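Commentary on secondary and tertiary structure
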Amino acid sequence: YAFEPDPLYYALLVKNIGANNLGKIVGPFNQAIGDTRGKATLYLGRSTGSGLFKTPDATDKTSMADVISLDMFFENQGWPAVQAIKMDIEGSEVLALEGMRQLVKRNPGIKLILELNPTYLNIAGKTPEGLLTLLGELGFQRAWVLLDKKSYKIPQDIPGLVARGRRQLYLNLLCEQ
């Protein structure tokens, strides 16, 4: 399942799936992931992705996006098994995590790759501490920084991980239960 709310990137996703004969494996969805179902303004990016919040990379162009929570989506699919989720959603990580509580509960051992970007989280009205605390509430006990494979325990190492994220501007994390 691949979710892409930006119309331009969605068209590229569909084209890429077709060019690589992945149509029987990958299902594309022109939706944003959040904590509920509805519509939202999507701020289109210059060089990085688009997002539900106006980040420093955003242009003045917007689009309306359909939003769905992963709990709602996968419930509608009959709760298939999910082993891994990768998200790069420009500050909307907390919303996505809030909307996937049942999915995580139904899939023990699920792996999660996400970006910890303190600037983008602050723009979204969230904090890196809040994101990492929520990961702990969802049962994620360890986060690996993909750059150097250094491991951090959740919640014990949250202050160190946040400090590192602020120094480096962002971190890509592999989170495990």
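Residues numbered from 1 in each chain as written. Predicted model: local features only at pLDDT ≥ 70, side-chain atom pairs only at ≥ 80, totals over all residues. Heavy atoms only, no water.

This brings us to the pattern of salt bridges. One pass over the full model with this rule turns up six salt bridges. For arginine 101, the salt bridge goes to glutamate 98, with nearest N and O atoms at 3.0 Å. On the basis of relative accessible area, arginine 101 is assigned to the partly exposed category, the value being 31%. Here glutamate 137 makes a salt bridge to arginine 101, at a shortest N to O gap of 3.4 Å. (Salt bridge = Lys/Arg side-chain N within 4 Å of Asp/Glu carboxyl O. Buried < 20%, exposed > 50% of the residue type's maximum accessible area, 1.4 Å probe, protein only.)

Let us look at the packing of aromatic side chains. If you walk through the whole model with that rule in mind, you get seven aromatic pairs. Where phenylalanine 29 meets phenylalanine 73, the ring centres are 4.8 Å apart and the plane angle is 75 degrees; that geometry is what we call edge-to-face. Of this pair, phenylalanine 29 sits in strand β2 (residues 28–29) while phenylalanine 73 sits in helix α2 (residues 70–76), placing them 44 residues apart in sequence. Clustering of aromatic rings is evident, with ring pairs tying together Tyr1, Phe3, Phe29, Phe73 and Phe74. (Phe/Tyr/Trp six-rings, centres within 6.5 Å; stacked < 30°, edge-to-face > 60°. Helix = DSSP H or I, 4+ residues; strand = E, 2+ residues; numbered from the N terminus.)

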